[in-house]
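The residues making up each chain are set out below.
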Amino acid sequence: ATLVGTAGGDALTFYGDNFGPGEDAVTLGGVACTVVSWTHNEVVVSTPAGQGAGLAAVVTVVDQAASEAVAYRPPIIASVDPPSLSLANTGGQITITGSDFGLNPVITLPLDADRAVATSAVSHDHSTIVLNVGAGQGRNDLTINVGGQVAVEPYAYAAPVVAAVSPDEAAT
C-alpha cells in the first residue's frame, strides 16, 4: 500500500500509459493535488494535507479517470510530557509528540469501558498535540484516532500516596 504523510507535500508518482500530453487533474480523497510533472506515462504530484486510509487517488484525463488506493500514514505517538505516572489525579496539560496527527485528530483517555477523562485540545499540528486533561485515576490508554487509524499509548495518572494513618494506636 502506498503511504503518504498527513502534513502533505509528499511526492506521489503514477506510472502507466495514456496520460496524454497535457496536465489535467489529480485528486487524493477528493482533494486536488499539485502537479509537479506530467508525461504520457508518468505523473508526479505533491500530496495535500489529509488523513485516512483506502482513499482514491484519481488521475483524470479530459473525461476519463483511473484510480489507485492510497493511505495517509497512521499516527505515531513518540512521547507524552509529563510522562506516565506524573500527572496529578486532578488533571492538567500534557504534550503529545509524534507524527501524522492529521487534520482532525480525536483524542480520548478512557477510564474504563463506560467512562472517559474529559479532554480538550489546546493546539495541534501533524507532530504535536497540546491537550488539557481532566481529573482521572489509574492506568489508561491514551488514544489518537486520525481518520480511522489509531495510535495507543499506555498512560497512568500518579499513583496514590499514603502520608499517614490515624490513630497512631488502636484501642484495646
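In what follows, the structure referred to is the one given above.
This text gives an overview of the structure that appears in the document. (Residues numbered from 1 in each chain as written. Predicted model: local features only at pLDDT ≥ 70, side-chain atom pairs only at ≥ 80, totals over all residues. Heavy atoms only, no water.)

This part is about the overall build of the protein. Secondary structure summary: the protein contains zero helices and 15 strands in total. Against the 2.2 N^0.38 benchmark of 16 Å for 172 residues, the protein shows a C-alpha radius of gyration of 24 Å, more extended than a compact globule. Projected onto the principal axes, the alpha-carbon positions of the protein cover approximately 95 × 25 × 20 Å. Of the contacts formed within the protein by residues at least 6 apart in sequence, a portion of 59% connects residues at least 24 apart. (Helix = DSSP H or I, 4+ residues; strand = E, 2+ residues; numbered from the N terminus. Rg over C-alpha atoms; globule rule 2.2 N^0.38 Å. Contact = heavy atoms within 4.5 Å.)

Now for the packing of aromatic side chains. For any two aromatic rings, the description comes down to two numbers: the centre-to-centre distance and the angle of the planes. Evaluated as defined, the whole model comprises one aromatic pair. Between F19 and W38 the ring centres are 6.5 Å apart and the planes differ by 70 degrees, which places this aromatic pair in the edge-to-face class. In this pair, F19 sits in the loop between β2 (11–15) and β3 (25–28) while W38 sits in strand β5 (residues 34–38), placing the two residues 19 residues apart along the sequence. With respect to class, F19 is no different from W38; both count as buried. (Phe/Tyr/Trp six-rings, centres within 6.5 Å; stacked < 30°, edge-to-face > 60°. Buried < 20%, exposed > 50% of the residue type's maximum accessible area, 1.4 Å probe, protein only.)

Let us look at the side chain of T6. In this structure, T6 sits in the loop between β1 (2–4) and β2. Within the structure, T6 has its side chain in polar contact with the backbone nitrogen of G102 (distance 3.3 Å). Once residues lying within four places of it in the same chain are set aside, the contact partners of T6 are A49, G50, Q51, Y72, R73, D100, F101, G102 and H126. (Polar contact = N/O pair within 3.5 Å; in protein donor to acceptor, adjacent residues only side chain to side chain.)

Turning to the pattern of salt bridges, a few remarks are in order. Counted under the stated rule, the structure contains two salt bridges. Overlapping salt bridges, with partners in common, bring together D10, R73 and D100 in one network. (Salt bridge = Lys/Arg side-chain N within 4 Å of Asp/Glu carboxyl O.)

Quick look at unusual backbone geometry now. With an omega dihedral of 0 degrees, the bond running from D81 to P82 counts as a cis peptide bond. Inspection of the secondary structure puts P82 in the loop between β9 (76–81) and β10 (92–99). Here S166 and P167 are connected by a cis peptide whose omega angle stands at 0 degrees. Tracing the chain through its elements places P167 in the segment after β15 (149–156). Positive phi is not limited to glycine here, since V62 has a value of about 55 degrees. Secondary-structure assignment places V62 in the loop between β7 (55–61) and β8 (64–72). Here D100, not a glycine, exhibits a phi torsion of approximately 55 degrees, which is positive. With respect to the element layout, D100 can be found in the loop between β10 and β11 (106–108).

Sheet architecture is open: three strands sit in the order β11-β14-β15, paired in antiparallel fashion. The open sheet terminates on both sides in strands that have one partner only, identified here as β11 and β15. The average undirected angle you get between the axes of adjacent strands in this sheet is 15 degrees. When β11 meets strand β14 (residues 139–146), the two strands line up antiparallel, connected through three bridges. From the neighbouring strand, T108 faces β14, where its bridge partner is T143. (Pairing = 2+ DSSP bridges. Axes fitted to C-alpha atoms, helices over the stretch in contact; angles between N-to-C directions.)

Pairing analysis gives four bridges linking β3 to β7, with the strands arranged antiparallel. Each bridged residue has a counterpart across the sheet, and for A25 the counterpart in β7 is T60. Pairing geometry for β7 and β8, over seven bridges, is antiparallel. Directly across from A56, in β8, lies its bridge partner A69. Hairpin geometry of β7 and β8 is characterised by an intervening segment of two residues between the two adjacent antiparallel strands and by a positive phi of about 55 degrees at V62.

These values are about where atoms sit, not about what they do.
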